[in-house]
Amino acid sequence: MAVIALKCPSIEGLGAGKAADLTYWESAARMIADVSKSDKIVVEKSTVPVKTAEAIEKILTHNSKGINFQILSNPEFLTEGTAIEDLFKPDRVLIGGRETPGGQKAIQALKDVYAQWIPEERILTTNLWSADLSKLAANAFLAQRISSGNAMSALCEATGANVSQVSYTVGKDSRIVPKFLNASVGFGGSCFQKYIPNLVCICECNGLPEVAEYWKQVIKINDYQKTHFVNRVVASMFNTVSGKKVGILGFAFKKDTGDTRETPAIDVCKGLLGDKANLSIYDPQVNEDQIQRDLSMNKFDWDHPLHLQPMSPTTMKQVSIVWDTYTATKDAHAVCILTEWDKFKTLDYKKIYGNMQSVTC
Ligand SMILES: NC(=O)C1=CN([C@@H]2O[C@H](COP(=O)(O)OP(=O)(O)OC[C@H]3O[C@@H](n4cnc5c(N)ncnc54)[C@H](O)[C@@H]3O)[C@@H](O)[C@H]2O)C=CC1
Ligand SMILES: O=C(O)[C@H]1O[C@H](OP(=O)(O)OP(=O)(O)OC[C@H]2O[C@@H](n3ccc(=O)[nH]c3=O)[C@H](O)[C@@H]2O)[C@H](O)[C@@H](O)[C@@H]1O
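Residues numbered from 1 in each chain as written. Chains lettered and ligands numbered in written order. Predicted model: local features only at pLDDT ≥ 70, side-chain atom pairs only at ≥ 80, totals over all residues. Heavy atoms only, no water.

Focus on the packing of aromatic side chains
Moving on, step 1. According to the stated counting rule, one finds five aromatic pairs in the structure shown.
Moving on, step 2. Taken together through their ring pairs, the aromatic side chains of Phe141, Tyr214 and Trp215 make up a single cluster.
Moving on, step 3. Just above the ring of Phe77 sits the side chain of Arg92; from NZ or CZ to the centre is 3.7 Å.
Moving on, step 4. The positively charged end of Lys351 is found above the aromatic ring belonging to Tyr326, 4.2 Å away from the centroid. (Phe/Tyr/Trp six-rings, centres within 6.5 Å; stacked < 30°, edge-to-face > 60°. Lys NZ or Arg CZ within 6 Å of the ring centre and 35° of its normal.)

Below, the structure is given as structure tokens:
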């Protein structure tokens, strides 16, 4: 059995940021075909566009030298920060395969591996394409819930309702459940931002523009949320942050990780820098080099091979990266909490407030 867990970067040029580049996949498939001496099950573990398996199957079959290859789609659903927990106790494991006797036999072989620690009723099996699409759909549904919560937060602000109370009440409905309804400054991470455009692209390619438009809106609301946040910060300081110090608490895309890929903090910081604010940034797990790099890169640069990324990021004078909360917020005109780190919940906000300039929190 060979398991492929490669990145699947977005393509560049036409369709950039939408369609996926299968170059790495293609070369991995060719390598497997090259070195295989006996029949193999090839497991596709990465998040890939629908029907990637078909392309891989073609490459393997054309280069098979009489070897039988069975392709399985086994997408991963873990989330960062709880990866090991998710590995041991997943909500479900999904295995997609061909609906042929050979395909079913391959599914059973992989099922036997997972059955070592996962109850059988949690191991779901589907056809190949359903497995690929289920992964994209699960991410899209999660992101859509967050965008719904964020869209509601704007309405709450406008009407004087409290978004936490509204989300809590909505989530109490057993048909809706409370998870992934928390309003935020926008979702980040390498996956939602990247794979929803993939889904949009697949809809467009299949002649479904209205469906594509529906999913596009999830990203549009996410972008709106970040801009709206920056506008509110600026508006609350007499419509300018020029020359003012803004303390930024949290830079990672979520707590318990140092990952900054597509973190909303990048767009918020760039928005404030655009109005010439001076930023003092603190994150418990993200280092200075990473933050400077993120603020000088374009969207999705991290997704490209290293040789296509900026070599040495330009250090921005308006940005200082500090190693504790109190330094970040001392003499600040405003404080923005951009990552929900637990330690930010227990800070001495009276002390922080006392050390700030004319305060807007
Ligand atoms: N990290 C996460 O939380 C999750 C990741 N996934 C999916 O799993 C896949 C892998 O993700 P990660 O492990 O996070 O990525 P990663 O970037 O940490 O690992 C990718 C691996 O591929 C290797 N690699 C890169 N280019 C290569 C090439 N041209 N040829 C051969 N090997 C190459 C790298 O050395 C690395 O070991 C992606 O499709 C991702 O969407 C799915 C669910 C969760
Ligand atoms: O395909 C993937 O790689 C993974 O993508 C997400 O996992 P991850 O990106 O690690 O993190 P999430 O916990 O989903 O959070 C994503 C973003 O949504 C934000 N979020 C989450 C929940 C919420 O209620 N509100 C909210 O704004 C988080 O702050 C974060 O920025 C999915 O949750 C995983 O199931 C999936 O396997």
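A look at the UniProt feature "binding site: NAD(+)" (unreviewed entry) in the chain
Moving on, step 1. UniProt feature "binding site: NAD(+)" (unreviewed entry): in the numbering of this structure it lies at Thr47, Glu80, Lys194 and Arg261.
Moving on, step 2. Along the chain, Glu80 falls in the loop between strand S3 (69-73) and helix H3 (83-88).
Moving on, step 3. Judged by its relative accessible area of 25%, Glu80 falls in the partly exposed class.
Moving on, step 4. Discounting residues that sit within four places of it in the chain, Glu80 has contacts with Phe253, Lys254, Thr257, Asp259 and Arg261.
Moving on, step 5. Here Arg261 is to be found in the loop between strand S6 (245-249) and helix H9 (264-274). (UniProt positions renumbered as here; feature names shortened; annotations may be inferred. Helix = DSSP H or I, 4+ residues; strand = E, 2+ residues; numbered from the N terminus. Buried < 20%, exposed > 50% of the residue type's maximum accessible area, 1.4 Å probe, protein only. Contact = heavy atoms within 4.5 Å.)

Regarding the sheet that holds strand S9 (residues 334-337)
Moving on, step 1. Strand order in this open sheet of four strands is S8-S7-S6-S9, and the pairing throughout is parallel. Only two strands of the sheet have a single partner each, and these edge strands are strand S8 (319-321) and S9. Taken over all neighbouring pairs, the strand axes of this sheet differ in orientation by 20° on average, direction set aside.
Moving on, step 2. The sheet contact formed by S6 and S9 spans four bridges and is parallel. Bridging across to S9, Leu249 finds its partner in Ile337.
Moving on, step 3. Running over the sheet, H9 touches S6, strand S7 (278-282), S8 and S9 and is turned about 155° from S7. (Pairing = 2+ DSSP bridges. Axes fitted to C-alpha atoms, helices over the stretch in contact; angles between N-to-C directions.)

Regarding the UniProt feature "binding site: substrate" (unreviewed entry) in the chain
Moving on, step 1. In the UniProt entry, the feature "binding site: substrate" (unreviewed entry) is given for Phe77, Leu78, Thr79, Glu80, Lys135, Phe180, Leu181, Asn182, Ala183, Ser184, Gly188 and Lys254. The largest pairwise C-alpha distance within this set of annotated residues, which runs over 178 residues, is 23.4 Å, so the set is dispersed in three dimensions.
Moving on, step 2. Counting through the fold element by element, Leu78 comes out in the loop between S3 and H3.
Moving on, step 3. The residues touching Leu78, leaving out its near neighbours within four places in the chain, are Ala83 and Asp86.
Moving on, step 4. Ignoring any residue separated from it by four or fewer positions in sequence, one finds Lys254 in contact with Thr79, Glu80, Thr339, Glu340 and Trp341.
Moving on, step 5. Within polar-contact distance, the side chain of Lys254 engages the backbone oxygen of Glu80 at 2.6 Å. (Polar contact = N/O pair within 3.5 Å; in protein donor to acceptor, adjacent residues only side chain to side chain.)

A look at the site of ligand 1
Moving on, step 1. Close to ligand 1 lie Ala5, Leu6, Lys7, Tyr24, Ser46, Thr47, Glu76, Leu78, Glu80, Lys135 and Tyr195, which account for all nearby residues.
Moving on, step 2. Between an oxygen atom of ligand 1 and a main-chain N or O atom of Leu6, the distance comes to 3.1 Å.
Moving on, step 3. The contact in question runs from an oxygen atom of ligand 1 to an N or O atom on the side chain of Tyr195, over 2.8 Å.
Moving on, step 4. For the shell around ligand 1, a count of residues per class yields five nonpolar, two polar and four charged. (Near = heavy atom within 4 Å. Nonpolar A, V, L, I, M, F, W, Y, C, P; charged D, E, K, R; others polar.)

Let's talk about the sheet that holds strand S4 (residues 93-97)
Moving on, step 1. Ordered by their spatial adjacency, five strands build an open sheet running S1-S2-S3-S4-S5, and the pairing between neighbours is mixed. Two strands bound the open sheet, and with one partner strand each, they are strand S1 (2-4) and strand S5 (123-127). In this sheet, adjacent strand axes meet at a mean angle of 25° when their direction is disregarded.
Moving on, step 2. One ladder, built from five bridges, connects strand S2 (residues 40-44) with S3; its direction is parallel. Residue pairing in the sheet places Ile41 in a bridge with Gln70 of S3.
Moving on, step 3. Along the sheet face, helix H5 (residues 128-159) touches S2, S3, S4 and S5 and points at about 120° away from the line of S5.

Examining the nonpolar core
Moving on, step 1. Val246, Ile248, Phe251, Leu272, Leu279, Ile281 and Leu295 are the most contacted members of the largest nonpolar core, which has 37 residues in total.
Moving on, step 2. Only helix H8 (209-235), S6, H9, S7, helix H10 (288-296), S8 and S9 provide two or more residues apiece to this core.
Moving on, step 3. It is H9 that provides the largest number of residues to this core, a total of six residues.
Moving on, step 4. Apart from residues lying up to four places away in sequence, Ile281 is in contact with Ile248, Phe251, Cys269, Ile291, Leu295, Val319, Ser320, Ile321 and Val322.
Moving on, step 5. Within the second largest apolar cluster, 18 residues are counted, among which are Ala2, Ile32, Ala53 and Leu128. (Core = buried A, V, L, I, M, F, W, Y, C linked by side-chain atoms within 4.5 Å.)

A short note on a nonpolar patch on the surface
Moving on, step 1. A cluster of nonpolar side chains, namely Met1, Val3, Ile84, Leu87, Phe88, Val113 and Trp117, defines an oily patch on the protein surface of about 680 Å² accessible area.
Moving on, step 2. Take the nonpolar patch: its biggest share by element is three residues, from H3.
Moving on, step 3. By the secondary structure assignment, Val113 is in helix H4 (residues 101-114).
Moving on, step 4. Judged by its relative accessible area of 38%, Val113 falls in the partly exposed class. (Patch = residues over 30% accessible without salt bridge, like charges linked within 9 Å, V, L, I, M, F, W, Y side chains within 5 Å. Areas by Shrake-Rupley, 256 points an atom, 1.4 Å probe, with all protein chains shown as cover. Salt bridge = Lys/Arg side-chain N within 4 Å of Asp/Glu carboxyl O.)

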